[in-house]
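# Examination of the molecular architecture
Listed below are the residues making up each chain.
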There are 2 protein chains.
Amino acid sequence: MVAQRGRRNGAAAKRTRTPAAPDADNAPTAEMPAVAEAAGADPEARAKSIPEAAVARLAVYLRVLSGMADQGSTTVSSEELSNAAGVNSAKLRKDLSYLGSYGTRGVGYDVAVLIGHIERTLGLTRQHKVAVVGIGNLGHALANYGGFPGRGFPVEALFDIDPDLIGVPVGGLPVSHIEDIPAVCTERQISIGVVATPPTAAQSVCDRLVAGGVQCILNFAPVVLQVPEHVEVRKVDLAVELQILSFHVARRADSEMNGSVTGNGVVVP
Amino acid sequence: MVAQRGRRNGAAAKRTRTPAAPDADNAPTAEMPAVAEAAGADPEARAKSIPEAAVARLAVYLRVLSGMADQGSTTVSSEELSNAAGVNSAKLRKDLSYLGSYGTRGVGYDVAVLIGHIERTLGLTRQHKVAVVGIGNLGHALANYGGFPGRGFPVEALFDIDPDLIGVPVGGLPVSHIEDIPAVCTERQISIGVVATPPTAAQSVCDRLVAGGVQCILNFAPVVLQVPEHVEVRKVDLAVELQILSFHVARRADSEMNGSVTGNGVVVP
DNA sequence: GCCACTTTGTGCCTGCGTTCACAAATGGCT
DNA sequence: AGCCATTTGTGAACGCAGGCACAAAGTGGC
């Protein structure tokens with residue numbers, strides 16, 4: 001969705017810093033014959049070759065599996081799981097095969113075991129401290145999310161530029177000034193920065209997060225952030241999402257010029 | 001990413017309703033030789049063949065272009081625009097070519113003209129009324145977004161299940177009860193529904209939106225929504241985004257087992 | 001009016017991701 | 001113990017999307 005791309009920088013460009021990319025474009029750019037390596041037994045090395053699209057789905061599988069575990073299921077077949085996750089069963093099996101063969105033929109997958117493997121692969125066994133920058137409507141919502149979606153992503157720092165907000169606790173955590181981002185992030189070992197500022201401030205905030213040693217950035221601001229190569233950026237852009245939907249509405253409306261009724265926004269002939 | 005897919009339903013499944021998919025999977029499934037058709041002059045027909053990935057980028061180009069227009073630029077080259085949007089210039093030209101040949105060789109693109117064409121293609125010339133369901137932290141933020149990101153997406157209905165919220169104005173609009181979704185959506189000609197409820201409520205809310213004639217759904221709840229075929233779903237999932245980032249952090253940490261310093265969360269040897 | 005330069009538009013090639021379909025493996029039943 | 005039903009894991013084919021590189025087209029200078 002949250003889809004994005006680009007690692008290798010294009011032709012000529014002054015800045016070498018690279019942008020964020022929507023969906024695919026996975027890691028195995030070079031450095032090793034992905035498949036051959038994946039055939040090895042080392043699960044760590046295997047991780048490198050997992051396509052990003054598959055990683056995104058693994059996260060979904062994980063959630064579905066957690067739900068199933070809560071309901072007492074102990075095993076699932078690829079068919080069940082794929083249905084619940086909304087994907088093709090073959091794709092699901094291939095995705096799972098990236099992390100090794102942890103299923104039992106004729107039976108299915110052990111829910112608990114699978115959860116464990118996915119969590120390990122996604123790096124969810126460690127905690128990833130999160131900082132939220134920009135305590136506006138969205139930032140507020142994020143800060144209050146509490147514990148943050150699921151497990152392992154504690155929000156441990158908040159920043160804003162508004163003097164009236166500095167020191168005010170939001171969701172139990174006091175807001176610090178944007179100036180202090182590098183220091184605070186370094187000190188608290190923040191690894192993920194969430195940018196929820198207005199577009200104009202985003203790049204400078206991003207630079208400070210990078211200076212603070214943050215490794216990944218989740219960007220809600222409608223700008224393409226420029227970051228050094230070792231920093232990963234994911235972008236969530238509401239406007240883009242809406243516009244994509246808009247496109248589909250328009251497309252549909254066009255092909256139904258005959259005034260047939262499929263929903264609101266009908267073409268009245 | 002943020003990605004979603006799936007139209008054609010898998011093998012055997014009780015419910016025929018299909019899920020949402022993360023990124024690609026574009027329209028030209030069959031029914032016509034895409035390229036040949038695109039060569040035609042009809043801009044409406046052309047729209048069908050635009051790959052979804054390109055649509056997402058068009059939205060980005062549009063924003064960049066708007067910024068340029070505000071700064072007084074009248075023309076841009078594909079090189080400039082692609083840099084600003086963080087993509088390859090060839091890709092940009094190809095994307096733009098989906099909407100026709102509106103550039104001038106040797107010069108570039110006329111900013112205003114291009115904006116116009118992209119807006120038309122994305123269906124931004126009509127207004128798309130939006131309803132937000134679930135006025136919690138996130139829903140609140142969305143409702144207050146005011147005018148909603150950019151142009152053309154007025155929020156015209158709010159829903160929640162909490163009796164204390166019903167009737168209370170949020171962002172200038174009173175909250176209605178979830179029960180009334182179908183009636184209100186039909187009446188106000190809502191075309192886009194935003195689901196910002198807890199996961200458990202999401203599917204039932206979704207069903208009501210569909211009953212209300214909503215054509216597209218933007219889903220923030222961590223569930224795979226089941227919808228009839230004519231409804232388009234896009235999913236924005238914070239947990240998934242974070243987990244993808246987590247994966248990258250972990251991957252990086254693994255490949256730097258030597259304790260080299262690239263950021264926080266360093267491996268202390 | 002011609003030439004050289006710039007920039008678009010696109011045909012072609014490459015590579016990744018998705019899907020199909022089947023062989024291998026396992027459990028249960030007789 | 002052997003057979004059948006079931007389900008995984010994956011080799012191979014397909015198709016879309018990305019990127020290169022060039023021909024076409026238009027501009028500005030001489």
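Residues numbered from 1 in each chain as written. Chains lettered and ligands numbered in written order. Predicted model: local features only at pLDDT ≥ 70, side-chain atom pairs only at ≥ 80, totals over all residues. Heavy atoms only, no water.

### Thoughts on the overall build of chain A
Selection criterion: Helix numbers and strand numbers start at the N terminus; a helix is a DSSP run of H or I with at least 4 residues, a strand a run of E with at least 2. Using a 1.4 Å probe, the Shrake-Rupley method yields the accessible areas, and only the shown protein chains count as cover for residues.
When its secondary structure is counted, chain A shows ten helices and ten strands. With an accessible surface of roughly 11600 Å², chain A has 54% of that area assigned to carbon and sulfur atoms.

### Looking at the nonpolar core
The condition is simple: Think of a nonpolar core as a cluster: buried Ala, Val, Leu, Ile, Met, Phe, Trp, Tyr and Cys residues, connected wherever their side-chain atoms sit within 4.5 Å. Remark: exposure states derive from per-residue accessible area (1.4 Å probe, protein chains only) relative to the maximum for the residue type, with buried under 20%, exposed over 50%, and partly exposed in between. Whether two residues touch is decided by their heavy atoms; if any such pair falls within 4.5 Å, the residues are in contact.
Ranked by size, the top nonpolar core spans 105 residues in total, and within it Ile118 and Leu122 of chain A together with Ile118 and Leu122 of chain B carry the most contacts. Contact partners of isoleucine 118 of chain B, with chain neighbours within four places excluded, come to Leu58, Tyr61, Leu62, Leu65, Leu96 and Leu99 of chain B.

### Structural notes on the protein's contact with DNA strand D
Defined as follows: Here, proximity means that at least one heavy atom of the residue falls within 4 Å of the molecule or strand. Throughout this description, a polar contact denotes any pair of N or O atoms lying within 3.5 Å of each other; where both atoms belong to protein, one of them has to be capable of donating a hydrogen while the other can accept it, and for residues adjacent in sequence the pair is counted only when both atoms sit in side chains. Each residue gets one label: Ala, Val, Leu, Ile, Met, Phe, Trp, Tyr, Cys and Pro are nonpolar, Asp, Glu, Lys and Arg are charged, and the others, such as Gly, are polar.
Taken together, 26 residues surround DNA strand D, and among them Ser78 and Tyr109 of chain A together with Lys91, Lys94 and Arg105 of chain B come closest. Close to the protein, within 4 Å, the atoms of DNA strand D are drawn from sugar and phosphate at a rate of 69%. The separation between a base nitrogen of DNA strand D and a polar side-chain atom of arginine 93 of chain A is 2.9 Å. Within the side chain of asparagine 88 of chain B, an N or O atom sits 3.3 Å from a phosphate oxygen of DNA strand D. Only helix H5 (89-97), strand S2 (103-104) and strand S3 (108-110) of chain A together with helix H5 (89-97) of chain B provide two or more residues apiece to the surface near DNA strand D. A breakdown of the residues in the surface near DNA strand D according to their chemical character gives six nonpolar, eleven polar and nine charged.

### Points about the protein's contact with DNA strand C
Close to DNA strand C lie 26 residues, the nearest being Lys91 and Arg105 of chain A together with Ser78, Arg93 and Tyr109 of chain B. For DNA strand C, the fraction of protein-proximal atoms (within 4 Å) that sit in sugar or phosphate groups is 69%. Contact distances for DNA strand C include 2.9 Å between a sugar or linking oxygen and a side-chain N or O atom of arginine 105 of chain B. Note that a sugar or linking oxygen of DNA strand C is positioned 3.0 Å from one of the backbone N or O atoms of glycine 106 of chain B. Contributions of two or more residues to the surface near DNA strand C are made by helix H3 (52-70) and H5 of chain A together with H5, strand S2 (103-104) and strand S3 (108-110) of chain B. The element contributing the most residues to the surface near DNA strand C is H5 of chain A, with four residues.

### Some details on the environment of leucine 122 of chain A
Of note, leucine 122 of chain A is situated in helix H6 (residues 111-122). Its relative accessible area of 0% is what places leucine 122 of chain A among the buried residues. Residues leucine 122 of chain A and valine 55 of chain A, 67 residues apart in the sequence, show an inter-C-alpha distance of 7.6 Å. For leucine 122 of chain A, the contacting residues outside a window of four places in its chain are Val55, Leu58, Ala59 and Leu62 of chain A together with Gln243, Ser246 and Phe247 of chain B.

### Some points on the confidence of the model for chain A
All names here are of chain A. Basically, it comes down to this: Residue-level confidence of the predictor, termed pLDDT, takes values from 0 up to 100.
Per-residue confidence for chain A gives a mean pLDDT of 81, with 75% of residues at or over 70. Within chain A, no element has a lower average pLDDT than helix H1 (residues 34-38), which sits at 37, and none a higher one than helix H8 (residues 181-188), at 98. Here residues 1-41 is a poorly scored stretch, pLDDT under 50, and it has 100 contacts once near neighbours within four places are set aside; other chains count.

### Some details on the packing of helix H7 (residues 137-144) of chain A against helix H7 (residues 137-144) of chain B
Angle between the axes and distance between the axes are the two parameters that describe a pair of packed helices. Operational definition: Only the contacting stretch of a helix is used when fitting its axis, a line to C-alpha atoms as for every element, and angles between N-to-C directions run 0 to 180 degrees. Note on angle classes: values under 35 degrees are labelled roughly parallel, values over 145 roughly antiparallel, values of 65 to 115 roughly perpendicular, and the remainder oblique.
Following both chains from N to C, one finds H7 of chain A and H7 of chain B inclined at 180 degrees, their axes separated by 8 Å at the closest point. Put simply, H7 of chain A runs roughly antiparallel to H7 of chain B. Each of Asn137, Leu138, Ala141 and Asn144 of chain A in H7 of chain A lies in contact with H7 of chain B, whose residues at this interface are Asn137, Leu138, Ala141 and Asn144 of chain B. For the contact of H7 of chain A with H7 of chain B, the per-class residue count stands at four nonpolar, four polar and no charged.

### So, helix H9 (residues 199-211) of chain B
All names here are of chain B. Rule in force here: One fewer than the residue count of a helix, multiplied by 1.5 Å, yields its expected span.
Here H9 spans 19 Å end to end across 13 residues, near enough to the 18 Å set by a 1.5 Å rise per residue. The complete set of buried residues in H9 reads Ala202, Gln203, Val205, Cys206, Leu209 and Val210. Downstream of H9 by a residue or two, glycine 213 has a phi angle that is positive, lying close to 85 degrees.

### Examining the pairing of strand S5 (residues 155-160) of chain A
All names here are of chain A. Test applied: The pairing criterion for strands is at least two bridges between them, as found by DSSP.
Taken together, the four bridges between strand S4 (residues 130-133) and S5 define a ladder with parallel strand orientation. Bridge pairing in S5 places valine 132 opposite leucine 158. Here S5 pairs with strand S7 (residues 173-177) via three bridges, running parallel. Bridge assignment links leucine 158 to a residue of S7, and that residue is valine 175.

### Notes on the sheet that holds strand S6 (residues 169-170) of chain B
All names here are of chain B. Taken in spatial order, the seven strands line up as S6-S7-S5-S4-S8-S9-S10 in an open sheet, and their pairing is mixed. Here the strands that pair on one side only, and so sit at the sheet edges, are S6 and strand S10 (232-235). Bridge count for S6 against strand S7 (residues 173-177) is two bridges, and the pairing is antiparallel. Bridging from a neighbouring strand, valine 170 pairs with leucine 173 of S7. Relative to strand S8 (residues 192-195), H9 is tilted by about 170 degrees, and along the sheet it contacts strand S4 (130-133), S8 and strand S9 (216-219).

### What to know about the sheet that holds strand S1 (residues 75-76) of chain A
All names here are of chain A. Pairing within the open sheet is antiparallel, and its three strands lie in the order S1-S3-S2. Looking at the sheet topology across the chains shown, the edges are occupied by S1 and S2. Bridging between S1 and S3 involves two bridges; their strand directions are antiparallel. Looking across to S3, one finds that threonine 75 is bridged to aspartate 110. Taken strand by strand, H6 contacts S1 and S3, and its axis lies near 75 degrees from that of S3.

### Let's talk about the pattern of salt bridges
The cut-off we apply is this: Put simply, a salt bridge is a Lys or Arg side-chain nitrogen that is within 4 Å of an Asp or Glu carboxyl oxygen.
Inspection of every chain in the model, using the stated rule, returns 13 salt bridges over all chains. Of the charged contacts in the structure, one is a salt bridge between arginine 63 of chain B and aspartate 237 of chain A, with a shortest N-O distance of 2.4 Å. Taken together, the residues span two chains, with arginine 63 of chain B in helix H3 (residues 52-70) and aspartate 237 of chain A in the loop between strand S10 (232-235) and helix H10 (238-255). In this structure aspartate 237 of chain A comes out as buried when scored by relative accessible area, which is 6%. In this structure, arginine 208 of chain B and glutamate 179 of chain B form a salt bridge, with 3.4 Å as the shortest nitrogen-oxygen distance. Taken together, the residues span a long stretch of sequence, with arginine 208 of chain B in helix H9 and glutamate 179 of chain B in the loop between S7 and helix H8 (181-188) at a distance of 29 residues. Given the relative accessible area of 52%, glutamate 179 of chain B is considered exposed. Through salt bridges with shared partners, a single ionic network connects Glu52 and Arg234 of chain A together with Glu241 of chain B.

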